[in-house]
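Remarks on the overall topology
Residue-level listing of the chains:
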Amino acid sequence: MTMRRAGAGLALVLWASLAAAAGPPALPPGAERAYGVLAARVSAADARDVVARMDGTWRLAGNPAYDAALDFIRERLTAAGFSASAAAAATIAVEAFPAASPGWDYRVGTVAFADDPTAPLLSRERDHVSLAINSFSTAPGGVVAPLVDVGRGTAADYAGRSVRGAVVLTDAALGRVWRDAVVSRGAAGVISTRAAAFVRPEGISLTDAQQDVLQWDSIPDDAAARSFGFKASRRAADRMRERLRGGPVEVRVSIESTFYDAPDRTLVAEIPGRSRPEERVVIAAHLQEPGANDNASGCGTLLALAVALRAAIASGALPPPDRTLTFLWLDETRGSEQWRRAHPAAAAGVQFMFALDMTGEDTARTGGSFLIEKQADPSAVWDRPSDPHTEWSQGSAGVSADSLRGSVLNDLFLAVCRRRGRDQPWQVGTNPYEGGSDHTVFGAAGVPAVLAWHFTDRYYHTNQDRIDKTSAAEMQNVAIATGATAWLLASATRRDAAAVADLLGDAGAARLALERSQGPAIVAAAADRGAALAAEEQIIPAWIKWYGEALDGVLRLPAGGADAAVRARVAAARRRLR
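Every chain is numbered on its own, with residues counted from 1 as its sequence reads. Local features are withheld for residues below a pLDDT of 70 in this predicted model, meaning they are given only at 70 or higher, and side-chain atom pairs are given and counted only at 80 or more; totals for whole chains, interfaces and linings count all residues. Excluded from the side-chain calculations are hydrogens and water; all other atoms, namely the structure's heavy atoms, are used.

Considering the sheet that holds strand β14 (residues 449-455)
When DSSP locates at least two bridges between a pair of strands, those strands are taken to pair. Helical segments are the DSSP runs of H or I of at least four residues, strand segments are the runs of E of at least two, and each set is numbered from the N terminus. Strand order across the open sheet formed by eight strands is β1-β8-β10-β9-β11-β14-β12-β13, with mixed pairing between neighbours. Of all strands in the sheet, those with a lone pairing partner are β1 (91-97) and β13 (428-431), marking the two edges. Across this sheet, the average inter-strand angle for adjacent strands is 25 degrees, counted without regard to direction. The sheet contact formed by β1 and strand β8 (residues 264-271) spans seven bridges and is antiparallel. Residue A93 lies in a different strand from β8, and its bridge partner there is V268. Lying on the sheet, helix α4 (residues 64-79) is in contact with β1, β8 and β10 (323-330); it crosses β8 at an angle near 15 degrees. Between the N-to-C directions of two axes lies an angle of 0 to 180 degrees, each axis being a line fitted to C-alpha atoms and, for a helix, fitted only over the stretch in contact. Whether two residues touch is decided by their heavy atoms; if any such pair falls within 4.5 Å, the residues are in contact.

Structure, rendered in structure tokens:
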């Protein structure tokens, strides 16, 4: 267990203690109704079908696998009642934008010893994503070149040897060694073993499966160099180094790759709002990347959610939302940016946003637990033992205290997820804002946005992120909780808003109690107690401001506007923050 995982465990203990002290929060009646309806309708099979269709494909915007995944989801939505007619009760459209870079994919990507071509060290068939994005094809029959090990890729590792025309083996980052070896020294290509520490921890005996793990990567699209890069597993690298100990070694590299000049497509489905259609709640999942968890699971979760909501509304089990529900399947971050630029009026009306990324993990197999990455709150500015960052980030995301804006989203979504956790054995945690997916784009525009995901995942961005690491039940849980929260945010009544005020009052009081209890220990343990004390003096006011602004948002939550009863409940919640 690393220190990061120990911190995450502490966070869960503190969170569980607070939850036990306060008791499970009662959901607003609208959220409870939506939860019950969706719990009976969200299909785990629908979510898994999407993962099965996308598994094993290398999806990049503009390539055939990306477009095939988008078209498959569009067909499923159309069959569920979404229509291309703008007047329909549920609409669907595909939007195309100029691609930021060419699409890319490959059919062959093989490295073998030149004297033993029948036993590949690396191949698409076995390793799935070992060839780096933007690698160029070799001549027919491949290229034979000497293999040179440059270790960490320092200047000393190149001293006294030429790598011109060679294939360079390294433990350093692929991009850096590609620049040093290919661009500066004329190498033919690079093979890198670099992987995140939580994927292949140093100093720990690896399981047999971990010996074959590699993390995918990319090199620059350089038509002048027409080079290539590979990522290698520990087992493959050990085989190469064992041969090198016996003298010079040559490898044969065979590549058939294609660059595609095609648009970047986004699939947009909507359930229009009945009273405030210009206001929106957006839920997005990105199509690109080669993994089953990352992010076929997010795409499947979003499909199951959208289909269930459409069916519930069509059957009369739920009324149409007051605000428009917008579902996006897109190219991560770029797709969100493109959608916002193409629809400025719609973008201006977005009230809340959910990003679904890595939502379907089999937690026992991957090691990742379900997390809500919160909209940036004070825990994103001041590191707290109760709110550890994940191993993806391991630190703050550069958020400033004066940029924080409170909203109802974090605590409401957590409450709905915890509600699902009372019906199913589902572990739910949170982490401070770290960024990196589509919630970053909306958050930067001032929209309250959260990320639903899993971490720490020992197969993150690896060749072993396949369907056997996913859980249909986990996708179902995320779809139900996200859908119920989104529907409530789109359709809250005054009674719902009053209940949300109570929920925020409880959450705010619990947060202030936690900060007052952990603050003195943090100061006592700090190397610079003066600086630690100064930080502590800012944290309580920051949380009071955060929850005050969140309660301001409660007044805007009812589709019909707040009344005296809602304002009274908000005022009572404010008094608990003093």
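Now that the structure is up, let's keep going.
Some points on the packing of aromatic side chains
For any pair of aromatic rings, the description rests on two quantities: the centre-to-centre distance and the angle between the ring planes. Pairing of aromatic rings covers Phe, Tyr and the six-membered ring of Trp, with a centre-to-centre limit of 6.5 Å; geometry is then stacked below 30 degrees between planes, edge-to-face above 60, and tilted otherwise. In total, this model carries 15 aromatic pairs according to the counting rule given. Between F136 and F259, the aromatic rings sit 4.8 Å apart at their centres with planes inclined by 40 degrees, giving tilted as the arrangement. A residue pair is termed long-range when its members are at least 10 positions apart, and F136 in the loop between α5 (124-127) and β3 (143-149) and F259 in strand β7 (residues 250-260) qualify at 123 residues. Ring centres of F228 and F230 lie 6.0 Å apart, and the angle between their planes is 70 degrees; this geometry places the pair in the edge-to-face category. Connected via pairs of aromatic rings, a cluster forms that spans W58, W104, Y106 and W216. For R243, the ring lying beneath its charged end belongs to F113, and the centroid distance is 4.5 Å. Either the NZ atom of lysine or the CZ atom of arginine qualifies as a charge over a ring when it sits within 6 Å of the ring centre and within 35 degrees of the ring normal.

Some remarks on the sheet that holds strand β2 (residues 103-113)
In space, the six strands of this open sheet follow the order β2-β7-β3-β4-β5-β6, with mixed pairing throughout. Sheet topology places β2 and β6 (228-231) at the edges, where each strand pairs with a single neighbour. The average angle at which neighbouring strand axes cross in this sheet is 30 degrees, direction not considered. Alignment of β2 against β7, held across 10 bridges, turns out to be antiparallel. Note that in β7 the partner of W104 across the bridge is F259. Running at roughly 85 degrees to β3, helix α8 (residues 234-244) makes contact with β2, β3, β4 (167-170) and β5 (189-192) of the sheet.

Here's the deal with the packing of α4 against helix α9 (residues 296-315)
The N-to-C vectors of α4 and α9 enclose an angle of 15 degrees; their axes lie 10 Å apart at closest approach. If you check the angle between α4 and α9, you find them roughly parallel. Between α4 and α9 the crossing geometry is right-handed. Touching I73, R76 and L77 of α4 are C299, L303, A306 and V307, all from α9. For the contact of α4 with α9, the per-class residue count stands at six nonpolar, no polar and one charged. Roughly parallel here means an angle under 35 degrees, roughly antiparallel means over 145, roughly perpendicular means 65 to 115, and every remaining angle is called oblique. By the definition used in this description, the sense in which the near helix is turned from the far one sets the handedness, with an anticlockwise turn below a right angle giving left-handed and a clockwise turn giving right-handed. Residues are grouped as follows: Ala, Val, Leu, Ile, Met, Phe, Trp, Tyr, Cys and Pro are nonpolar; Asp, Glu, Lys and Arg are charged; all remaining types, including Gly, are polar.

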